[in-house]
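# Coordinate analysis (summary)
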Protein chains: 2
Amino acid sequence: MSRRTKYLDLIKNCDSSPEDDGKLYSSFYKLLLPDDPRAHGFMLPSTVRKMPWTSDFAIDHIARRVQVLNTGSDLSNASISAFQKLIDSAIDQDIFSILHGQHSEMYRIIGANYPVRLERFASSLFGIISRGAHLTAYTCSASGDIRIWVPRRSAHMFTYPGMLDSTVAGGVKAEDSPFDCIVHEADEEASLPEELVRRDAKSCGVLTYMGMSDPGSGGEQGLVCPDLIYAFDIELGDGVVPKPRDDEVQEFYLWDVEQVKKAMFRAEFKPNCALVMIDFFIRHGIIREDNEEDFVEIATRLHRKLPIATAPSKG
Amino acid sequence: MSRRTKYLDLIKNCDSSPEDDGKLYSSFYKLLLPDDPRAHGFMLPSTVRKMPWTSDFAIDHIARRVQVLNTGSDLSNASISAFQKLIDSAIDQDIFSILHGQHSEMYRIIGANYPVRLERFASSLFGIISRGAHLTAYTCSASGDIRIWVPRRSAHMFTYPGMLDSTVAGGVKAEDSPFDCIVHEADEEASLPEELVRRDAKSCGVLTYMGMSDPGSGGEQGLVCPDLIYAFDIELGDGVVPKPRDDEVQEFYLWDVEQVKKAMFRAEFKPNCALVMIDFFIRHGIIREDNEEDFVEIATRLHRKLPIATAPSKG
C-alpha cells in the first residue's frame, strides 16, 4: 500500500465482501438448520455443486437452499453428525483445497438454537461465522502515554508469516468462551500467567466484518467469510514482559502509537489485527472526530451488520 | 416497559427507523446539495408539499429529489442562505409545529463538501444528521468497582422532564467540535472545571442510530431522524463532585452498575442516554459475550450504518 493508505483502506482490506443490497447474496445458497428458517451461512453455487452431499441434506436449486434435515429426535446431534459425515467425505476425497486434506478443531454455529459444531477449515465453505478473540496488552505512563505490545509472527507460520499480530489472539473453539481462548493463548503465545490475565483482561466489545476469499487467501475463491472478533484489553505494569513460548511468535516489541501506526500503514499487520488496533485507537482517544475525517464510517464499518444469525432466535 | 425489558429493546426504542431494504426510503425525497450527488437527508412527501420553497430549490417529484441550487459562485454561502430564507419563511408562516415558531442554534451538515449549516429545529424536517456529544463521568475503586454520575433532568424541562440523563450532554453546534461541546456543557450543567475536563475527558467512539418521530416526540410524525452521538469518558477522583449549575439538572446521583441497570430497565433514562450507557457497559466489560446473548447485535446496532453521507466525499 502507498503512503496515502488510510484506516478505511485497512478495514476494506478485511471487510471485502460487498454490502448486501438485497440482491447480492441471492446467487448464494442459504444454509438452513432443522426447525429454523434463518440463514446460518451462504454457500457459493460452485461449492454446492462439488460437495459430496449425503441423505442428511436436502438441496433446493430453485430456492437456493441447503437444508440440514432432521434425521433424529435430537436436532443438535442430528446436525453435528450430518456435518461430520459430509466433511469426512470431502476430506477423504480431497475435494476442496481449503480443507488442506486434514481435520481441524471444532467451531460453533453461534446463531443456532441448539449446539451445532463443525470443523474450522470447513466453516468458510458453508459461509458460517468464524469467531476469534484478540487481546491488546499495553502500558500507560503516568502522563498517559500508551505503548502496545506487538508480536511478530514466526517466519515459518503457514499463514501470514513474519507479519505483525495482536498481542494475543486465537480462534474460539466450540467448547471455549472467548475469554477462555484468551487465557489459554496468553499463556501459550506470550507466557502471560493465567492468574494475571483472568484478573486484569477486560472485555471491550466485538468487531464484525465480512471477508471474501481471494487468490491471496489460497484455496477456493469468492467464499463469503463472516467473522467476529471479541476484543479484550489488558494494561500491564512495567515489570510484566510478554515472551514467546510456543513457536508461533518470533519476538515482541513494545511500541508507541506512532510506531504502531507506521507499521499499520506499511501493511505489516495481519489484516484483521489492524482492525483490532483501529478499534483500540478509537476506544483510547487516539482516533477521534477532530483528527480523522472518516471517524463515523470507521466506527460503523468495524461493526458491520452480518446477514447471518448471531444469536439463537427468541421464543 | 415490563421487567423483561432487554438492552436491545432500549436500543430499538431509539433506533426506531426500519432498516433500508433498498425500497424503504424510496418514498422519501432525497436532499441534494449543489455539485454533490449524495443524499444529505430524507424528507417526507408531506413535508415537501407543505414547505414554502423558494427559487433557491428545484423540486423533482418524479425522481423524488430536493436540489439546493447553485445560485452564486460560493456553494457554501449559497446553500446556507437558501436554507435560512426557507426556514425564516416557514417560521414566519408557522407551517411546522416542530419549529415551535422560533429560531434555534445552527447545526452543521457533516457530509457536505463545503460548510453548510441550518437551524437545529429544522434539521429533522430535512432528515439531516443531528449530532450530540455525551460525557460519562465515573469513579473506579481500587478493587475495580465502577460508579457512574447520573443526573436527573429538572421537572420543568421541555423535553424528557424528570428523566435520567448522561452525566453531561449537548447538541453539537455548527461552530463547535464535539469536545468543545463537552467542555462547555460540563461547566454549565455539572460545574466541572474546564481544565479538568480538557485534561481527563477522553474520546471513546461514536454511536449512530436512526430515529423516527412519533406522537410521543411532538410535532410532525414519521420524520427520519438520523443521529450521531460522540461518546466521551472521564474518570473522576473521589473529591470531584458534579453539581448542578444551570437549571437543567435537578440533582446528581453516584450509582453503582446495578442501580444504573435497574433505572435503565425501568425506562427512567432519556432514550438516547440509555444507548450511551450500554456502550459504556460494553467498553468497560460490564456487558459481555458470556452474560448477554444479544452481545453481537447490540454492538452492531449501536453503530448502524446511516444511509446519508457522514463525511465530505473524496477527491
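Just so it is clear, the structure is predicted and the values come from calculations on it, not from any experiment.

Here is what the cut-offs are and how they apply
- Residues numbered from 1 in each chain as written.
- Chains lettered and ligands numbered in written order.
- Predicted model: local features only at pLDDT ≥ 70, side-chain atom pairs only at ≥ 80, totals over all residues.
- Heavy atoms only, no water.
- Contact = heavy atoms within 4.5 Å.
- Buried area = accessible area lost by both parts, 1.4 Å probe.
- Salt bridge = Lys/Arg side-chain N within 4 Å of Asp/Glu carboxyl O.
- Polar contact = N/O pair within 3.5 Å; in protein donor to acceptor, adjacent residues only side chain to side chain.
- Helix = DSSP H or I, 4+ residues; strand = E, 2+ residues; numbered from the N terminus.
- Nonpolar A, V, L, I, M, F, W, Y, C, P; charged D, E, K, R; others polar.
- Phe/Tyr/Trp six-rings, centres within 6.5 Å; stacked < 30°, edge-to-face > 60°.
- Buried < 20%, exposed > 50% of the residue type's maximum accessible area, 1.4 Å probe, protein only.
- Domains from an automatic or database assignment.
- Pairing = 2+ DSSP bridges.
- Core = buried A, V, L, I, M, F, W, Y, C linked by side-chain atoms within 4.5 Å.
- Least-squares fit on C-alpha atoms with pLDDT ≥ 70 in both.

### Observations concerning the interface of chain A and chain B
On the chain B side, the residues contacting the 33 residues of chain A number 33 residues. Here chain A packs against chain B, burying approximately 2600 Å² in sum over the two surfaces, 64% of which is carbon and sulfur. Across the chain A-chain B interface, the total number found is 2 salt bridges. Put simply, A:Arg131 and B:Glu289 hold a salt bridge, and the shortest N to O gap is 3.9 Å. Joining chain A to chain B, the criterion identifies 2 residue pairs in polar contact (both at pLDDT 80 or more). Contributing elements (two or more residues each) for the side of chain A that touches chain B: strand S10 (202–212), strand S11 (224–235), helix H8 (271–283) and helix H9 (295–301) of chain A. Partitioning the side of chain A that touches chain B into residue classes produces 12 nonpolar, 9 polar and 12 charged.

### Let's talk about the packing of aromatic side chains
One pass over the structure, following the stated rule, counts 16 aromatic pairs over all chains. Seen in terms of ring centroids, B:Phe57 and B:Phe83 are 5.8 Å apart; in terms of plane orientation they differ by 70°. Their pairing is edge-to-face. Highlighted residues: B:Phe57 in strand S3 (residues 57–60) and B:Phe83 in helix H3 (residues 75–92), separated in sequence by 26 residues. Overall, B:Phe83 belongs to the buried group, its relative accessible area being 0%. Ring centres 4.7 Å apart and planes at 5° place the aromatic pair B:Tyr253 and B:Trp255 in the stacked group. Taking relative accessible area as the criterion, B:Trp255 reaches 13% and is therefore assigned buried. A network of ring pairs unites the aromatic residues A:Trp53, A:Phe57, A:Phe83 and A:Phe126 as a single cluster.

### Focus on the domain arrangement of chain A
Residue and element names in this part refer to chain A. Parsing chain A into structural domains produces domain 1 (7–16 + 130–301) and domain 2 (24–126). Domain 1 and domain 2 are separated by 29 Å when their C-alpha centres are compared. Counting residues at the interface gives 19 residues for domain 1, matched by 21 residues for domain 2. Between domain 1 and domain 2, the buried area comes to about 1500 Å², and carbon and sulfur atoms account for 61% of it. The largest contributions to the domain 1 side of the interface with domain 2 come from Ala-174, Glu-220 and Leu-223, which together make up 36% of the buried area. Remark: the boundary between domain 1 and domain 2 carries 0 salt bridges. Put simply, the parts of the chain that give the side of domain 1 that touches domain 2 at least two residues each are strand S7 (130–140), S10 and S11.

### Some thoughts on the sheet that holds strand S1 (residues 29–32) of chain B
Residues and elements named next belong to chain B. Spatially, 4 strands are ordered S2-S1-S4-S3 in an open sheet, and the strand pairing comes out mixed. Each edge of the open sheet carries a strand with a single partner, namely strand S2 (42–43) and S3. Sheet analysis places S1 next to strand S4 (residues 65–68), joined by 3 bridges and oriented parallel. What sits directly across from Leu-32, in S4, is Gln-67.

### Regarding the pattern of salt bridges
Any two side chains of opposite charge can pair, on the condition that their charged atoms come close. Taken as a whole and assessed by the stated rule, the structure comprises 34 salt bridges over all chains. Residue B:Lys85 is joined to B:Asp56 by a salt bridge in which the shortest nitrogen-to-oxygen separation is 3.1 Å. With B:Lys85 in helix H3 and B:Asp56 in the loop between helix H2 (45–50) and S3, this residue pair connects regions lying 29 residues apart in the sequence. Residues joined by salt bridges that share partners form a network here, namely A:Asp15, A:Arg301 and A:Arg304.

### Focus on the nonpolar core
A:Phe83, A:Phe126, B:Met264, B:Phe269, B:Ile278 and B:Phe281 are the most contacted members of the largest nonpolar core, which totals 100 residues. Looking at this core, the element that brings in the most residues is helix H8 (residues 271–283) of chain B, giving 9 residues. With near-sequence residues (within four places) excluded, B:Phe269 lies in contact with B:Val150, B:Met163, B:Leu164, B:Asp165, B:Val260, B:Ala263, B:Met264, B:Ala274 and B:Met277. In terms of nonpolar packing, the next biggest core, distinct from the first, is built from 99 residues, A:Val257, A:Cys273, B:Trp149 and B:Tyr230 among them.

### Here's the deal with the relation of the copies chain A and chain B
Both copies of the chain are related through a single rotation about an axis accompanied by a shift along the same axis. Once chain A is rotated about the relating axis by 180° and shifted along it by 0.0 Å, it coincides with chain B to within an RMSD of 0.0 Å. What the superposition gives is, in effect, a two-fold axis relating one chain to the other. Residue A:His303 of chain A places its C-alpha closer to the rotation axis than any other residue of that unit, at 3.0 Å.

### Some details on unusual backbone geometry
All names here are of chain B. Located in the positive-phi region is Asp-35, a residue other than glycine, with phi close to 65°. Here Asp-35 is to be found in the loop between S1 and S2. Assessed through its relative accessible area of 69%, Asp-35 is described here as exposed. Here Arg-64, not a glycine, exhibits a phi torsion of approximately 55°, which is positive.

### Topic: the environment of A:Lys12
Residue and element names in this part refer to chain A. As for its placement among the helices and strands, Lys-12 is situated in helix H1 (residues 7–14). Overall, Lys-12 belongs to the partly exposed group, its relative accessible area being 38%. Spatially, the C-alpha atoms of Lys-12 and Gly-211 are 9.0 Å apart, while their sequence positions differ by 199 residues. What Lys-12 contacts, discounting residues up to four positions off in sequence, is Glu-297 and Arg-301.

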